[in-house]
Amino acid sequence: MSLLSIKNLSVNFGHTEAVRNASLDINKGEMVALVGESGSGKSVTALSILQLVSNAKQQGSIKFDGMELLDAKQKRLQNFRGNHVGMVFQEPMTSLNPLHTIGKQIAESINIHQRMSKKAVKLRIRELLEQVELDELKNRLKAYPHELSGGQRQRVMIAMAIANNPDLLIADEPTTAVDVIVAAKILKLLKKIQKELGMSILLITHDLTIVEKLSDSIYVMKDGEIVENGITSQIFKNPQHKYTQHLLSSKPKGRAVAATKSPPVVIRAEKMSVSFPIKGGFFGGQIGAVDAVKNISISVSEGKTIGIAGGSGSGKTTLGMGLLRLVKTTGQIGFMGTRIDEFSPARLREMRKKMQVVFQDPYASLNPRMTIRQIIEEGLRAHNMKADMAEILAEVGLSSDMADRYPHEFSGGQRQRIGIARALALKPKFILLDEPTSALDLSVQSQIIDLLKDLQKKHKISYIFISHDLRVMRAIAHDIAVMKNGEIIEFAETEKIFNNPQHEYTRKLIKAAFLKEVA
């Protein structure tokens, strides 16, 4: 008998059918992957198992170890959640209570289900932290979530989820909010815990590299329906459904666009550094500084892409912001043959239209109160420019009738296209692309990379492409600079970086990107 058996589950929010006749089985000790793009119904299916879906009509059957959950009473469900099924959510920063210490939050998970003395709870917390490889936090139980790194927060979430030795762990996109090195460690940890505790895992993800390396079987979801399922190796070798075939072929591919010989340099930095003050003491004065970027020299030529790779906190984004003069810098910065590091804000304003930025989060970088037309026209007005809106939108694959809609009416991929259109409207020579694909599904990532390459070929735009994911970077960058602790530790042509990495950290990034040490 299956540990979890879902039969013909349908979930409706009013007139919207989020899940339609979905059936799924998980056996004891098995890792099952539920894959699909954003909005396919994966998370709603997972939340239905725990009966955490509110204001929805549910039909069908969800049985856990023979117990029906759809009509279970609240008291029984409260005992079931955490005791038998634990859940690790996608974004640990929003899942952990910012007002409570991590010790208190892990203790709460234990106290709800077990009667233990304070001393026993404290010992159990230390045991859990050791289990999730957070030995350094054993003496920091009074730390708050904001004082931890993204990887540490996710491990705390895992500790809370396994506190009562559940039979099933639901991991909902557990690596989306962390960089590739941390992601690889999290996945390796999940595999280790599964083996130690003998528990089952339902892994929800859109990343097929993870699925291929870790899962025993796979369920593919599209528009609320399970369109294909089977043993992972068989699905990858011989996918039957067109949508599965589409997902498997959607990884960003190809290489950088052909660049002209000896193109002119568009933007250059010589011995550029960026530091941020540390303030403290009784009067709040400066007591130190964080050197975010240290003495970096880099240049980008016309029509070329330089990839900036590295883990979180390595200084990638600060380097980009420094080049755009959006943070205070030391050293020389040149743009189109002119030194701009000593320009006043007024003189820089005229240059701004030639240097643009596309941000990481398409949800947060667009004003929700403005239409797409207003968002794009805002930059044009600031520089006394005019442009054909239909032409701008067409360049990024959007139709002109979308101009008067609001950001919430678009998908993540469409929002990112709008962000690119906003930058493109000013006819820039240089665009800083700050993790432009990290918030997107693999298939949408591929579309955005292809769009950026087409625009580069057409307009000879120079890019700096910031990412922690070398798989994506390989498809667009001519050269790659690897950053660690504010310094460029390796710089070479893209294929040389992949075929013959010189620095140990670069090798670590490549292994993490392709999950070579996880399986």
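Since this is a predicted model, take the numbers as computed values, not measurements.

Cut-offs and rules
Residues numbered from 1 in each chain as written. Predicted model: local features only at pLDDT ≥ 70, side-chain atom pairs only at ≥ 80, totals over all residues. Heavy atoms only, no water. Buried < 20%, exposed > 50% of the residue type's maximum accessible area, 1.4 Å probe, protein only. Helix = DSSP H or I, 4+ residues; strand = E, 2+ residues; numbered from the N terminus. Pairing = 2+ DSSP bridges. Domains from an automatic or database assignment. Buried area = accessible area lost by both parts, 1.4 Å probe. Polar contact = N/O pair within 3.5 Å; in protein donor to acceptor, adjacent residues only side chain to side chain. Nonpolar A, V, L, I, M, F, W, Y, C, P; charged D, E, K, R; others polar. Salt bridge = Lys/Arg side-chain N within 4 Å of Asp/Glu carboxyl O. Contact = heavy atoms within 4.5 Å. Axes fitted to C-alpha atoms, helices over the stretch in contact; angles between N-to-C directions. Patch = residues over 30% accessible without salt bridge, like charges linked within 9 Å, V, L, I, M, F, W, Y side chains within 5 Å. Areas by Shrake-Rupley, 256 points an atom, 1.4 Å probe, with all protein chains shown as cover. Parallel < 35°, antiparallel > 145°, perpendicular 65-115°, else oblique. Left-handed = near helix turned anticlockwise from the far one by under 90°. Core = buried A, V, L, I, M, F, W, Y, C linked by side-chain atoms within 4.5 Å.

Colleague: An account of the pairing of strand β17 (residues 430–434) is requested, with residue identities and associated values reported.
Modeller: In terms of residue burial, β17 counts as a mostly covered element, since 5 of its 5 residues are buried. The two faces of β17 match: F430, L432 and D434 on one face and I431 and L433 on the other face are all buried. Strand direction decides the pairing type here: strand β16 (residues 355–358) and β17, joined by 4 bridges, are parallel. Each residue of the ladder has a partner; that of V358, found in β17, is L433. As paired strands, β17 and strand β18 (residues 462–467) are joined by 5 bridges and run parallel to one another.

Colleague: Quick one: what's the story with the domain arrangement of the chain, residue by residue and with numbers?
Modeller: For the chain, the assigned domains are domain 1 (2–250), domain 2 (265–279 + 286–354 + 428–438 + 450–514) and domain 3 (364–426). For domain 1 versus domain 2, the separation of C-alpha centres amounts to 36 Å. For the pairing of domain 1 and domain 2, the buried interface totals around 830 Å² over both sides, and the portion due to carbon and sulfur atoms is 61%. Broken down residue by residue, the surface that domain 1 buries against domain 2 is led by D179, V180 and I181, which jointly contribute 64%. Here domain 1 and domain 2 share 3 residue pairs in polar contact (both at pLDDT 80 or more) between them. Broken down by secondary-structure element, the contributors of at least two residues to the side of domain 1 that touches domain 2 are α7 (180–197) and α8 (208–214). With 3 residues, the top contributor of residues to the side of domain 1 that touches domain 2 is α7. Along the lines of polarity and charge, the residues of the side of domain 1 that touches domain 2 split into 4 nonpolar, 1 polar and 3 charged.

Colleague: Account for the pattern of salt bridges, naming residues and giving values.
Modeller: Tallying each qualifying case throughout the model produces 22 salt bridges. The salt bridge involving R471 is made with D207; its shortest N-O contact spans 3.1 Å. Placement of the pair is R471 in helix α17 (residues 470–473) and D207 in the loop between β8 (200–205) and α8, with a sequence separation of 264 residues. In this pair, the class of R471 matches that of D207, namely buried. The salt bridge partner of D469 is R471, with a shortest N-O separation of 3.0 Å.

Colleague: Outline the sheet that holds strand β2 (residues 16–26), supporting the account with residue identities and numerical values.
Modeller: In spatial order, the strands read β2-β1-β4-β5; together these 4 strands make up an open sheet with antiparallel pairing. A single partner strand is all that each edge strand has here, and the edge strands are β2 and β5 (67–68). Relative to β5, strand β4 (residues 57–64) is paired through 2 bridges, and the arrangement is antiparallel. Within the sheet, the bridge partner assigned to F64 lies in β5 and is M67. Strands in contact with helix α1 (residues 42–49) are β1 (4–13), β2 and β4; relative to β1, the strand with the most contacts, it is inclined by about 115°.

Colleague: Which residues make up a nonpolar patch on the surface, and what values go with them?
Modeller: A grouping of F276, I278, I287 and V290 is seen on the molecular surface, where their side chains present a nonpolar patch of about 350 Å² in accessible area. Listing elements by their share of the nonpolar patch, those giving two or more residues are β11 (265–280) and β12 (285–301). With relative accessibility at 61%, the residue I287 sits in the exposed group.

Colleague: Help me get a handle on the environment of Q90, residues and values and all.
Modeller: Within the secondary structure layout, Q90 lies in the loop between β6 (85–88) and α3 (92–95). Beyond its immediate stretch of four places on either side in the chain, Q90 contacts Q154, D172, E173, T176 and A177.

Colleague: Residue-level account of the side chain of H206, with values.
Modeller: Checked against the element boundaries, H206 lands in the loop between β8 and α8. Of the residues examined, H206 reaches a relative accessible area of 17% and is grouped as buried. Looking at H206, its side chain comes within polar contact range of the side chain of E173, at 3.1 Å. Other than its neighbours up to four places away in sequence, H206 contacts G36, E173, L440, D441 and L442.

Colleague: Describe the sheet that holds β16, listing the residues and the values that go with them.
Modeller: With mixed pairing, the 6 strands of this open sheet are ordered in space as β16-β17-β18-β13-β19-β20. The open sheet is flanked by β16 and β20 (487–493), the only strands paired with a single partner. Averaged over all pairs of adjacent strands, the angle between their axes in this sheet comes to 20°, without regard to strand direction. Pairing of strand β13 (residues 305–309) with β18, which is carried by 5 bridges, proceeds in the parallel orientation. Each bridged residue has a counterpart across the sheet, and for I308 the counterpart in β18 is I466. Along the sheet face, helix α19 (residues 504–513) touches β13, β19 (479–484) and β20 and points at about 105° away from the line of β19.

Colleague: Mind laying out unusual backbone geometry, listing which residues take part and the relevant values?
Modeller: The phi angle at D223 is positive, at roughly 50°, despite the residue not being glycine. Here D223 is to be found in the loop between β9 (217–222) and β10 (225–231). D223 sits in the partly exposed class, given a relative accessible area of 45%. Even without being a glycine, N485 presents a positive backbone phi close to 50°. For N485, the location among the structural elements is in the loop between β19 and β20.

Colleague: For the packing of helix α6 (residues 150–161) against α7, give the residues involved together with the corresponding values.
Modeller: Remark: α6 packs on α7, axes separated minimally by 10 Å, with the N-to-C direction vectors making an angle of 20°. The angle between α6 and α7 places the two elements in the roughly parallel class. Crossing of α6 against α7: the hand is right-handed. Here α6 contributes G151, Q154, R155 and I158 to the contact with α7, which in turn contributes V182, K185, I186, L189, L190 and I193. For the contact of α6 with α7, the residue count by class is 6 nonpolar, 2 polar and 2 charged.

Colleague: Explain the nonpolar core to me, and be specific about the residues and the numbers.
Modeller: Counting residues in hydrophobic clusters, the biggest one holds 92 residues, and the most contacted among them are I106, V156, I158, I376, L470 and I480. Examining the composition of this core, we find that 8 residues originate from one element, α7, more than from any other. Those residues in contact with I480 that lie beyond four places of it in its chain are G307, A309, L470, M473, E490, F491, A492, T494, I497 and F498.

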